[in-house]
Amino acid sequence: MTVEECYEKMGGGYADVTSRLRTDERIKRFLLKVVDDASFNNLCENLAAHNIEEAFRAAHTLKGVCSNLSLTMLFHSASAITEVLRGKTEYSEEFEQYLERVKEDYIVTMECIKNLD
Amino acid sequence: MANKSTKSKKTILIVDDSELNRSLLSDMLFDDFNIIEAEDGTEAVMILQEHELEISLILLDIVMPKMDGFEVLAMMNKKGWINTIPVIMISAETGSAYIDRAYDLGAVDYISRPFDERTVKHRVMSNFMLALKQKEMADILSEQVYARERDSRLMVEILSHIVEFRNGESGMHILHVSTFTEMILKHLMLITDKYNLSKADIKVIVNASALHDIGKMSVPENILNKPGRLTQEEFEIMKCHAAEGAKLLADIPYRNNETLIRVGEQICRWHHERWDGRGYPDGLKEDEIPIGAQVVALADVYDALTSKRVYKPGFTHEKAVEMIQNGECGAFNPLILQCLDDIKDDLRSALHMESPSQNLDRGTRANVEDILKTSGGDVSNRTVRLLEHERMKFSFYASLSREVMFEYVNSPEMILLTDYSSEYLELPEKILNPAESEFGSRVFNRKDFDQLLTRVKNSTPESPIVEGKYLLNIRGEQKWNKVIVRALWSNDGEQPEFEGALGKCIDITEETEEIQQLEVLADRDQITNLFNARAAKRKISKKLAAQSEKLYALVFFDLDNLKKANDKHGHLFGNELIMAIADRMLSNTRSSDICARFGGDEFVIFMQYKDKHQIDRIFNCLTKDLNGFPVSVSMGIALSNECNGDYDKLLHMADQAAYSVKYGGKNSYKFFSDLTGSGGGLLEN
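Parameters at a glance
Residues numbered from 1 in each chain as written. Chains lettered and ligands numbered in written order. Predicted model: local features only at pLDDT ≥ 70, side-chain atom pairs only at ≥ 80, totals over all residues. Helix = DSSP H or I, 4+ residues; strand = E, 2+ residues; numbered from the N terminus. Contact = placed C-beta atoms within 7 Å. Buried ≥ 20, exposed ≤ 12 C-beta atoms within 10 Å, placed from the backbone. Expected span 1.5 Å × (residues − 1). Core = buried A, V, L, I, M, F, W, Y, C linked by C-beta atoms within 7 Å. Axes fitted to C-alpha atoms, helices over the stretch in contact; angles between N-to-C directions. Parallel < 35°, antiparallel > 145°, perpendicular 65-115°, else oblique. Left-handed = near helix turned anticlockwise from the far one by under 90°. Nonpolar A, V, L, I, M, F, W, Y, C, P; charged D, E, K, R; others polar. Pairing = 2+ DSSP bridges. Right-handed = clockwise from strand over helix to strand, strands pointing away. pLDDT = per-residue confidence, 0-100. Arc of directions from axis to C-beta.

Asker: Just checking my understanding: could you explain the overall build of chain B for this structure?
Answerer: Looking only at helices and strands, chain B has 25 helices and 16 strands in total. Considering only contacts in chain B between residues 6 or more positions apart, those separated by 24 or more positions represent 58%.

Asker: Whenever I open this one, the overall build of chain A confuses me. Can you help?
Answerer: The helix and strand inventory of chain A stands at 7 helices and 0 strands. In chain A, the succession of helices and strands from N to C terminus is α-α-α-α-α-α-α. Buried positions account for 39% of the 117 residues belonging to chain A. At a minimum sequence separation of 6, the contacts of chain A that also span at least 24 residues come to 61%.

Asker: What is the right way to read helix H5 (residues 52–68) of chain A from this model?
Answerer: An α-helical turn contains 3.6 residues, so a residue and the one three or four places further along point in the same direction. Residue and element names in this part refer to chain A. Relative to the 24 Å expected for 17 residues at 1.5 Å per residue, H5 spans 24 Å between its end C-alpha atoms, a close match to the ideal helical length. H5 sits mainly inside the fold: 14 of its 17 residues count as buried. Where H5 ends, the next residue or the one after it, Ser-70, has phi of about 50°, a positive value.

Asker: Could you clarify how one ought to interpret the nonpolar core in this entry?
Answerer: As a rule of thumb, soluble globular proteins bury nonpolar side chains together. One finds Ala-59 of chain A together with Val-15, Leu-59 and Val-87 of chain B to be the most contacted residues of the largest nonpolar core, which totals 66 residues. Ranked by residue count, the leading element in this core is H5 of chain A, at 7 residues. Sequence-distant contacts of Leu-59 of chain B, defined by excluding residues within four places in its chain, comprise Ile-12, Ile-14, Val-15, Leu-25, Ile-88 and Ile-90 of chain B. Grouped together as the second largest cluster of nonpolar side chains are 46 residues, Ala-536, Ile-594, Ala-657 and Phe-672 of chain B included.

Asker: Before we go on, may I ask you to explain the packing of H5 of chain A against helix H6 (residues 72–85) of chain A in this structure?
Answerer: A packed helix pair is summarised by two numbers, namely the angle formed by the two axes and the spacing between the axes. Residues and elements named next belong to chain A. Two elements in contact, H5 and H6, have axes whose closest approach is 8 Å; the angle formed by their N-to-C orientations is 150°. Classed by the angle they form, the pair H5 and H6 counts as roughly antiparallel. The element H5 and its partner H6 pack so that their crossing is left-handed. Residues Ile-52, Ala-55, Phe-56, Ala-59, His-60, Leu-62, Lys-63, Cys-66 and Ser-67 of H5 form the contact with H6, whose participating residues are Leu-74, Phe-75, Ala-78, Ser-79, Ile-81, Thr-82 and Leu-85. Its residues placed into classes, the contact of H5 with H6 shows 11 nonpolar, 4 polar and 1 charged.

Asker: Quick question: what am I supposed to make of the sheet that holds strand S15 (residues 633–639) of chain B here?
Answerer: Within a sheet, adjacent strands bond to each other through the backbone by hydrogen bonds, running parallel or antiparallel. All names here are of chain B. Taken together, 5 strands build an open sheet; the order of strands is S13-S14-S12-S15-S16 and the sheet is mixed. The strands lining the two open edges of the sheet, one partner per strand, are strand S13 (594–599) and strand S16 (668–671). Between one strand and the next, the sheet's axes are offset by a mean angle of 20°, whatever the strand orientation. As paired elements, strand S12 (residues 552–559) and S15 share 7 bridges and run antiparallel to each other. Residue Phe-556 lies in a different strand from S15, and its bridge partner there is Gly-636. In the packing of helix H24 (residues 612–622) onto the sheet, contacts are made with S12, S15 and S16, and the angle to S15 comes to roughly 160°.

Asker: Help me understand the sheet that holds strand S2 (residues 33–38) of chain B, please; the structure alone is not making it clear to me.
Answerer: Residues and elements named next belong to chain B. The 5 strands are arranged S2-S1-S3-S4-S5 in an open sheet whose pairing can be described as parallel. Of all strands in the sheet, those bounded by a partner on one side alone are S2 and strand S5 (109–112). Strand-to-strand, the axes of this sheet are offset by a mean angle of 25°, without reference to chain direction. Helix H1 (residues 19–29) contacts strand S1 (10–15), S2 and strand S3 (55–61) of the sheet and is inclined by roughly 170° relative to S2.

Asker: How should the interface of chain A and chain B be read in this particular structure?
Answerer: Often the size quoted for an interface is simply the accessible area lost on bringing the parts together. The interface of chain A with chain B comprises 18 residues on the first partner and 15 residues on the second. Mapped onto the side of chain A that touches chain B, the elements with two or more residues apiece are helix H2 (14–21), helix H3 (24–36) and H5 of chain A. Here the element with the most residues in the side of chain A that touches chain B is H5 of chain A; it accounts for 8 residues. The class makeup of the residues in the side of chain A that touches chain B is 4 nonpolar, 7 polar and 7 charged.

Asker: It is not clear to me how unusual backbone geometry should be interpreted in this structure. Could you clarify?
Answerer: For residues other than glycine, phi is negative in most cases, and the peptide bonds are mostly trans. The residue after Arg-113 of chain B, namely Pro-114 of chain B, is reached through a cis peptide bond having omega -5°. Put simply, Tyr-280 of chain B and Pro-281 of chain B share a cis peptide bond, and its omega is 0°. Along the chain, the position of Pro-281 of chain B falls in the loop between helix H10 (259–270) and helix H11 (291–306). Within the chain, His-50 of chain A stands out as a residue other than glycine whose phi angle is a positive 60°.

Asker: Honestly, the pairing of strand S6 (residues 404–409) of chain B in this entry has me stumped. Any pointers?
Answerer: On a regular strand, one side chain projects to one face of the sheet and the next to the other, so that they alternate. Residues and elements named next belong to chain B. Only one face of S6 is buried: it carries Val-404, Phe-406 and Tyr-408, and the other face, with Met-405, Glu-407 and Val-409, is open. Pairing geometry for S6 and strand S11 (residues 498–507), over 6 bridges, is antiparallel. When the bridges of S11 are listed, Tyr-408 appears paired with Ala-501. Across 4 bridges, the pairing between S6 and strand S7 (residues 414–417) is antiparallel. Bridging across to S7, Phe-406 finds its partner in Leu-417. Counting the residues between successive antiparallel strands, the hairpin from S6 to S7 contains 4 residues.

Asker: Would you mind showing me how to read the packing of H11 of chain B against helix H12 (residues 317–325) of chain B here?
Answerer: All names here are of chain B. Two elements in contact, H11 and H12, have axes separated by 9 Å at closest approach and are oriented at 135°. The orientation of H11 with respect to H12, classified from their angle, is oblique. Classified by chirality, the crossing of H12 by H11 is right-handed. Where H11 approaches H12, its residues Val-301, Tyr-302, Leu-305 and Thr-306 are matched on the opposing element by His-317, Ala-320, Met-323 and Ile-324. Of the residues assigned to the contact of H11 with H12, the class counts are 6 nonpolar, 2 polar and no charged.

Asker: Please clarify how the pairing of S16 of chain B should be interpreted in this entry.
Answerer: All names here are of chain B. Along S16, one buried face is formed by Ser-668 and Lys-670 and the opposite face, lined by Tyr-669 and Phe-671, is buried too. Where S15 meets S16, 4 bridges bridge the pair, whose relative direction is parallel. Within S16, the residue paired with Ile-637 across the bridge is Phe-671. Tracing the backbone out of S15, into helix H25 (residues 647–662) and back to the parallel element S16 gives a crossover that is left-handed.

Asker: What am I meant to see in the environment of Gly-87 of chain A here?
Answerer: Residues and elements named next belong to chain A. Along the chain, Gly-87 falls in the loop between H6 and helix H7 (95–114). On the neighbour-count criterion, Gly-87 (9 C-beta atoms within 10 Å) is exposed. Remark: the alpha-carbon pair of Gly-87 and Ile-52, spanning 35 residues in sequence, is separated by 9.0 Å.

Asker: Can you help me understand the confidence of the model for chain B in this one?
Answerer: In regions of low pLDDT, the predicted coordinates are not meant to be interpreted in detail. Residues and elements named next belong to chain B. With 89% of its residues at a pLDDT of 70 or more, chain B shows a mean pLDDT of 83. For the stretch residues 1–6, pLDDT sits under 50, and the model shows 5 contacts to residues farther than four places along the chain or on other chains. Below a pLDDT of 50 lies the segment residues 678–685, which in the model reaches 19 contacts outside its immediate sequence neighbourhood of four places, other chains included. Interface predicted TM-score (ipTM) for the complex: 0.80; the corresponding pTM is 0.44.

Asker: Even after reading the chapter, I still don't get the environment of Leu-337 of chain B, so can you show me in this structure?
Answerer: Residues and elements named next belong to chain B. Along the polypeptide, Leu-337 turns up in helix H13 (residues 334–342). On the basis of neighbour counts, which here come to 18 C-beta atoms within 10 Å, the residue Leu-337 falls in the partly exposed class. Distance from Leu-337 to Val-295, taken between C-alpha atoms, is 9.6 Å for residues 42 residues apart in sequence. Contact partners of Leu-337, with chain neighbours within four places excluded, come to Gln-325 and Phe-332.

Asker: Got a minute to help me understand H2 of chain A in this structure?
Answerer: Residues and elements named next belong to chain A. Among the residues of H2, those classed as buried are Val-17, Arg-20 and Leu-21. The arc that holds every buried residue of H2, seen down its axis, measures 80°, which confines them to one face. Positioned one or two residues after H2, Arg-22 has a phi angle of 75°, which is positive.

Right, here's the structure in full:
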């Protein structure tokens, strides 16, 4: 799968990312780094442990990463949970549905990246 | 990819908690900059603490664990870093409250995510150039302000010097009057707010004070320089100089609004008025006289008293102050007299101990600093403060370490010693032409010094450290020292240049002596203090390897009846016998020979071989009775020409010969060459 096909499949903005980062080679290099990025795991773990402030930071970082690489679909779900967690200190049931969406999008995104040529 | 030298590139600090974001930025910028990364605020602050002067710009994320971007900015404000290191914020937070807060805290720009390569590069580059320009401008400004200040003082001094020259005065009068005036006025501001002079006002008065006597240009020279007392008529002419001076200034075309001219007029005209109204030319009294003129009047009187004149000696500072306080030299404002009393000690040191040019230069510098501080250019200050801090740290550690430390400066060539080192070596702190000096030719052996210096200069920036063991002469004593030197290479420009070196001498005399003693101990047999087998092997092998023409004999023997001696007379006697044998060995050989005990009752002598009589004599001495006990040895001798330089072979041959004696009746000696099967068979003795 080419970088462009990959972006199409995972709901990303290929035109946007190429205009900013210029080359497929660089985009691919950083996409592969997303796989190792710890922020998604941090988000899940901290939410499970009810460390809401840490969870917020992790969500915020994930959102930043997605925005830099124009992973639009995952960016939206990461943004949503970031805003829900912002300023909160107490755990709430409603966080889970937002996390579910992030998880779904994250899995799709990872699948696509792993299938890059 | 361009691979420019890392040294010519400027350094950027990227602070972001996401590794991916950092590497993305670093990927965009690493062509043009060196990159340092920090993963949170605390790490960033730590890096700044250490590399403050190297970092040219910071890219700073806002939301981070431990310490967020705002806290980093706050810390940078507290430490003053924010004034010289531009900070560009990076964040997905585009809310205007965030941006405003960052700007308020001193951030210069803002890049929002997602990053666009062109934007990032452009913002970084332009902010970097801006900061660079600002620094250049600050440097140029301070240079210019300094030059202007110096020039204007110089002009005033030239002018006043002309007056003094005509007066036949010392040339120091003007300087003394202005220093005195400045110190009194500054103190006056501390003790009263009656006059309310600003720093700038004081500066004008001090500058104008130099003009107080310009009216003397109009006084004929024969009156001005008359050695004796002036007549009443002459004095009247002399008195005109006050009003004349003021007129001179007032007549300068187009300039009568200048503060310096106005204040100068006041000082010229009224510096001979008196507090009680009995002065000239106008008989003003008390605060009718402008404060500047009042202070200059006192300064003028003080300097006249302490200076030597044709008609009077110079009084001491103390005497002059006393005369003034007693009202012997005119009437002055009590507040100014109080100032004189308060700061008389400072005045004495300022006027009579320092060189006036030093004083003047310092004054100019202080003025420039004032100007720059008020205009907000605190650039060089920070560097100075940092250097001061480093210097303090260094001198503290140096004083604690009690080691000789020195700095070598390449050009002009000199050695700088720390306080302690200079005291310890009894040498000055600054030593020019080091190779020829006491340091390079007495403390160090001249050859050693030259060699060490060459090694240092031949080092490289990558491995700049050189060390060696040198015998130094320290206060007349020879001391072994480990000398460690680190070369300093300039790191700007393509070709690194040798700038100098830092060094330290560690006294290892005791250590060396201890090791030597241990070596001696390890070489010796404990009972007899003869060499042991290991040491004998080493020493003998060395002699055999020397390939001299000399012929050596290795004499190997054991005591035939040690066991019997032990059984009959006890162990102590056995030991006594062994020690007696050792004594006999030593007293019958030369110090260059090698005597060893191989353990138990086996002994070896290695010596230069002359003839059989030599062996015979030794054998006879060894076998003398000891306190009535008959001493008996079986001795074998091998010569070095038979062993091919091989110690083990030589020892084996001697051993074989001794063995043959032992089983052939004991208490005799035999040469290996005389054994059956080796060409001989004759039994000696």
